[in-house]
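A closer look at the structure
Residue strings, one per chain:
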Amino acid sequence: HGCVSPRHIAAECRKYEEQRVENKSTYWVVFELLWRDYCKFYCAKEGEVIFFPGGPAKKDKKWSTFEKNFEAWRTGTTGYPLVDANMRELAATGFMSNRGRQNVCSF
């Protein structure tokens, strides 16, 4: 079907490490698969509440809003090239890499 299971990928990484060498690349492939599954099962358990203010913990937290800063972030005009490039790519193409998402959401 053109699909490769995460278990198969992890097993192939382990086999590669046993036959050749453990390295950062194989470690991170397996790590990202584990993180992917954790997020998938967490979201399945908690449902749409993960997107609500307060989240699954139902914390009542006041959010600070700075409209000017948010608009600069959203439009890719923060003055930080890494953030701006990713946000502009998203606006232009509807796509952003996983690393890009991690970078801009931490900004």
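Below is a summary of the structure that appears in this document. The model shown is predicted, which means the values in this text are computed figures rather than measured ones.

**Focus on the side chain of threonine 26**
By the element assignment, threonine 26 lies in helix 2 (residues 24–46). Here threonine 26 falls in the buried class, since its relative accessible area comes to 8%. At a separation of 2.5 Å, a polar atom in the side chain of threonine 26 contacts the side chain of glutamate 17. When sequence neighbours within four positions are dropped, the list of residues in contact with threonine 26 reads Cys13, Tyr16 and Glu17.

**Notes on a nonpolar patch on the surface**
Judged by side-chain polarity, Tyr27, Trp28, Phe31, Trp35, Tyr38 and Tyr42 come together as a nonpolar surface patch covering roughly 670 Å² of accessible area. Checked against the element boundaries, phenylalanine 31 lands in helix 2. Among the residues examined, phenylalanine 31 registers a relative accessible area of 33% and is labelled partly exposed.

**Considerations on the packing of aromatic side chains**
With the rule as written, the count across this model stands at 7 aromatic pairs. Judged by centre distance (5.8 Å) and plane angle (40°), the rings of phenylalanine 70 and tryptophan 73 are tilted. Of this pair, phenylalanine 70 and tryptophan 73 both sit in helix 3 (residues 67–75), 3 residues apart, which is roughly one turn of that helix. Residue classification places phenylalanine 70 among the partly exposed residues on the basis of a relative accessible area of 39%.

**Thoughts on the side chain of asparagine 86**
For asparagine 86, the position within the fold is in helix 4 (residues 81–93). The exposure class of asparagine 86 is buried, given its relative accessible area of 10%. From its side chain, asparagine 86 meets the backbone oxygen of leucine 82 in a polar contact 2.8 Å long. Look past the residues within four positions of asparagine 86 in its chain and what remains in contact with it is Met96, Ser97, Gly100 and Val104.

**A closer look at the packing of helix 1 (residues 6–19) against helix 2**
Axis separation between helix 1 and helix 2 bottoms out at 10 Å; the angle between their running directions is 155°. Classified by the interaxial angle, the pair formed by helix 1 and helix 2 is roughly antiparallel. Relative to helix 2, helix 1 is oriented so that their crossing is left-handed. Residues Pro6, Ile9, Ala10, Cys13, Tyr16 and Glu17 of helix 1 lie in contact with helix 2, whose contacting residues are Thr26, Tyr27, Val29, Val30, Leu33 and Arg36. Of the residues contributing to the contact of helix 1 with helix 2, the split by class is 9 nonpolar, 1 polar and 2 charged.

**Things to note about the pattern of salt bridges**
Applying the stated criterion to the full structure yields 4 salt bridges. Residue lysine 45 pairs with glutamate 46 through a salt bridge whose shortest N-O separation is 2.9 Å. Look at lysine 45 and you get exposed, because its relative accessible area is 65%. Judged by relative accessible area, which is 23%, glutamate 46 ranks as partly exposed. Between arginine 74 and glutamate 71 there is a salt bridge, and its shortest N-O distance comes to 2.8 Å. Here arginine 74 and its partner glutamate 71 are both found in helix 3, 3 residues apart, which amounts to about one turn of the helix. Residue classification places glutamate 71 among the partly exposed residues on the basis of a relative accessible area of 29%.

Thresholds, definitions, all that
- Residues numbered from 1 in each chain as written.
- Predicted model: local features only at pLDDT ≥ 70, side-chain atom pairs only at ≥ 80, totals over all residues.
- Heavy atoms only, no water.
- Helix = DSSP H or I, 4+ residues; strand = E, 2+ residues; numbered from the N terminus.
- Buried < 20%, exposed > 50% of the residue type's maximum accessible area, 1.4 Å probe, protein only.
- Polar contact = N/O pair within 3.5 Å; in protein donor to acceptor, adjacent residues only side chain to side chain.
- Contact = heavy atoms within 4.5 Å.
- Patch = residues over 30% accessible without salt bridge, like charges linked within 9 Å, V, L, I, M, F, W, Y side chains within 5 Å.
- Areas by Shrake-Rupley, 256 points an atom, 1.4 Å probe, with all protein chains shown as cover.
- Salt bridge = Lys/Arg side-chain N within 4 Å of Asp/Glu carboxyl O.
- Phe/Tyr/Trp six-rings, centres within 6.5 Å; stacked < 30°, edge-to-face > 60°.
- Axes fitted to C-alpha atoms, helices over the stretch in contact; angles between N-to-C directions.
- Parallel < 35°, antiparallel > 145°, perpendicular 65-115°, else oblique.
- Left-handed = near helix turned anticlockwise from the far one by under 90°.
- Nonpolar A, V, L, I, M, F, W, Y, C, P; charged D, E, K, R; others polar.

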